Amino acid sequence: MTSDAPRGVEAPPELVQLLTPEGERVEHPDYDIELTDEEVRSLYRDLVLVRRVDLEAVALQRQGELGIWASLLGQEAAQIGSGRALTDADMAFPTYREHGVAWCRDVDPVRLLGLFRGVNHGGWDPAEHNFHLYTIVIGSQTLHAVGYAMGMQRDGAEAATIVYFGDGATSQGDVNESFIWASVFNAPVVFFCQNNQWAISEPLEKQTRIPLYKRASGFGFPGVRVDGNDVFACLAVTRKALQNAREGQGPMLIEAFTYRMGAHTTSDDPTRYRVADELEAWKLKDPIERLKAYLFKNQIADQEFFDKIDAEADALGKDVRRRCLEMPDPEPEALFQHVYAAPHALLDEERDQYLTYLAGFER
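These figures come from a predicted structure and were not determined experimentally.

## Remarks on the pairing of strand 6 (residues 223–227)
Logical step 1: For strand 6, the tally of buried residues reaches 4 of 5 residues, placing the bulk of the element in the interior.
Logical step 2: Two elements, strand 6 and strand 7 (residues 252–257), share 5 bridges in a ladder whose sense is parallel. Within strand 7, the residue paired with V226 across the bridge is A256.
Logical step 3: Following the backbone out of strand 6, through helix 9 (residues 231–246) and into the adjacent parallel strand 7, one traces a crossover that is right-handed.

Right, dumping it as structure tokens:
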């Protein structure tokens with residue numbers, strides 16, 4: 001850091017925004033959304049509960065109950081807004097940080113923790129929730145999403161896929177290859193890049209010379225940058241992009257301009273590479289606080305409502321903690337389950353050898 005001014009505090013001029021950091025509703029010529037009061041309150045509930053799950057998971061890791069955790073702190077609006085834009089028929093492909101999207105797809109939060117506790121290989125059925133398993137390899141899920149979208153296209157399904165990745169992943173070959181395939185085959189896929197401005201310890205300026213959303217034009221499809229801390233804008237932009245994809249208009253890249261308020265993962269120390277002033281500046285853009293301000297100003301919710309949501313969040317946190325600690329360790333042979341869809345001779349041989357080895361120890 002060579003400048004005294006915090007990075008990324010001023011919103012880019014091309015940003016799609018429907019709710020300012022102060023909680024004021026604004027209009028946009030290309031994107032608008034009509035929400036009932038109950039829908040707005042529901043979005044606020046989503047944001048608060050997802051943040052509470054995330055904070056509990058961080059605490060569990062710090063206490064040695066999880067091996068690692070990737071926090072979504074600060075990115076709740078991007079995930080809830082886009083997640084609530086999905087229909088039941090759409091398919092979502094996450095990285096390892098999309099806890100908010102998992103919430104929108106009705107995945108039990110405790111099932112997310114199983115992977116990081118080391119008791120399962122994923123924990124949920126992707127077909128049941130139309131939410132793929134978490135992908136640890138950076139960017140590879142974009143290829144999976146495009147392939148799935150091409151399958152939907154050939155089946156004539158009125159559905160689309162959405163795939164999540166970070167700003168750092170845009171430097172990966174898999175992501176760029178997926179852009180090519182999606183464009184050439186006009187696949188019904190929405191690329192949702194959560195630009196939290198830090199690819200672990202590398203700032204955005206070391207990833208690109210142009211805004212990320214403009215990369216889409218080089219591959220032949222549209223891109224848009226949205227305020228990733230504005231749940232209204234994320235919902236409106238993603239809803240339109242998904243609908244266009246379902247109608248045969250092809251792919252779109254959404255760059256959600258947000259900020260990772262925590263560490264990259266719990267093994268990371270962000271104080272080593274970014275200044276405190278930057279974080280403090282972005283706290284003023286907090287997605288939950290701006291929606292809370294909007295609810296107050298428009299008399300859509302009162303203090304009793306907020307207290308009720310806070311109490312529900314605390315109860316959820318306690319429930320997640322209890323059920324996480326109660327998860328049983330798997331049997332050793334579980335390591336060999338669900339590797340292939342059908343029996344596999346070599347895998348069976350390796351399993352038998354492993355179990356024979358374990359049988360030589362006292363248990």
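## Observations regarding the nonpolar core
Logical step 1: Counting residues in each nonpolar core, the largest one holds 73 residues, and the members touching the most others are Y44, L113, F232, L291 and L295.
Logical step 2: If you look at the next biggest cluster of nonpolar residues, it comprises 23 residues, including M150, A159, V175 and F179.

## Here's the deal with the packing of aromatic side chains
Logical step 1: Under the criterion given, the structure shown has 24 aromatic pairs.
Logical step 2: Aromatic side chains Y44 and F305 sit 6.0 Å apart centroid to centroid with 45° between the ring planes, which places their arrangement in the tilted category. Taken together, the positions of Y44 in helix 1 (residues 37–62) and F305 in helix 12 (residues 303–326) put the pair 261 residues apart, joining distant regions of the chain.
Logical step 3: Judged by its relative accessible area of 16%, F305 falls in the buried class.
Logical step 4: Both rings, one in F165 and one in F179, keep their centres 6.4 Å apart while their planes meet at 55°; by these two values the pair is tilted. Of the two residues, F165 is situated in strand 2 (residues 161–166) and F179 in helix 7 (residues 173–184); the sequence distance between them amounts to 14 residues. The residues F165 and F179 share a single accessibility class, namely buried.
Logical step 5: Through a chain of ring-to-ring contacts, three or more aromatic side chains come together here, namely W69, F116, W124, F131 and Y134.
Logical step 6: When the ring centre of Y31 is taken as origin, the NZ or CZ atom of K240, which lies over that ring, is 4.9 Å away.

## Points about the sheet that holds strand 2
Hydrogen bonds along the backbone pair up the strands of a sheet, which may run parallel or antiparallel.
Logical step 1: Taken in spatial order, the 5 strands line up as 1-2-3-7-6 in an open sheet, and their pairing is parallel. Edge positions in the open sheet fall to strand 1 (91–93) and strand 6, since each of these has one partner strand only. Neighbour-to-neighbour, the strand axes of this sheet turn through a mean angle of 20°, independent of strand direction.
Logical step 2: Alignment of strand 1 against strand 2, held across 3 bridges, turns out to be parallel. Within strand 2, the position partnered with F93 by the bridge is V163.
Logical step 3: Strands in contact with helix 2 (residues 76–83) are strand 2, strand 3 (189–195) and strand 7; relative to strand 3, the strand with the most contacts, it is inclined by about 165°.

## Re the packing of helix 1 against helix 12
Each pair of packed helices gets described by two things: the angle between the helix axes and the distance between those axes.
Logical step 1: The interhelical angle for the contact between helix 1 and helix 12, taken along N-to-C directions, is 35°, at an axis separation of 9 Å. In this structure, helix 1 crosses over helix 12, and the sense of that crossing is right-handed.
Logical step 2: Here the residues of the contact of helix 1 with helix 12 sort into 14 nonpolar, 1 polar and 8 charged.

## Let's talk about the pairing of strand 2
Logical step 1: With respect to burial, strand 2 is a largely interior element, 5 of its 6 residues being buried.
Logical step 2: Here strand 2 runs beside strand 3; their pairing, made up of 6 bridges, is parallel. Bridged to F165 within strand 3 is C193.
Logical step 3: With helix 7 bridging strand 2 and the parallel strand 3, this β-α-β connection has right-handed handedness.

## Overview of the confidence of the model for the chain
Logical step 1: The share of residues in the chain with pLDDT of 70 or more is 96%, and the mean pLDDT across the chain is 94.
Logical step 2: Note that pLDDT drops below 50 for residues 1–6; the model gives that stretch 6 contacts with residues more than four away or on any other chain.

## Considering the domain arrangement of the chain
A common measure of how large an interface is: the accessible area buried when the components associate.
Logical step 1: Segmentation of the chain into domains returns domain 1 (37–330) and domain 2 (332–363).
Logical step 2: Inter-centroid distance (C-alpha atoms) of domain 1 to domain 2 is 35 Å.

## Digging into the state of the cysteines
Logical step 1: One pass over the full model with this rule turns up 0 disulfides.
Logical step 2: Lacking any disulfide linkage, C104 is separated from the closest cysteine sulfur, that of C234, by 11 Å.
Logical step 3: C234 provides the cysteine sulfur closest to C193, a residue in no disulfide bond, and the two sulfurs are 12 Å apart.

Reading guide: rules and limits
Residues numbered from 1 in each chain as written. Predicted model: local features only at pLDDT ≥ 70, side-chain atom pairs only at ≥ 80, totals over all residues. Heavy atoms only, no water. Buried < 20%, exposed > 50% of the residue type's maximum accessible area, 1.4 Å probe, protein only. Helix = DSSP H or I, 4+ residues; strand = E, 2+ residues; numbered from the N terminus. Pairing = 2+ DSSP bridges. Right-handed = clockwise from strand over helix to strand, strands pointing away. Core = buried A, V, L, I, M, F, W, Y, C linked by side-chain atoms within 4.5 Å. Phe/Tyr/Trp six-rings, centres within 6.5 Å; stacked < 30°, edge-to-face > 60°. Lys NZ or Arg CZ within 6 Å of the ring centre and 35° of its normal. Axes fitted to C-alpha atoms, helices over the stretch in contact; angles between N-to-C directions. Contact = heavy atoms within 4.5 Å. Left-handed = near helix turned anticlockwise from the far one by under 90°. Nonpolar A, V, L, I, M, F, W, Y, C, P; charged D, E, K, R; others polar. pLDDT = per-residue confidence, 0-100. Domains from an automatic or database assignment. Disulfide = S-S within 2.5 Å.

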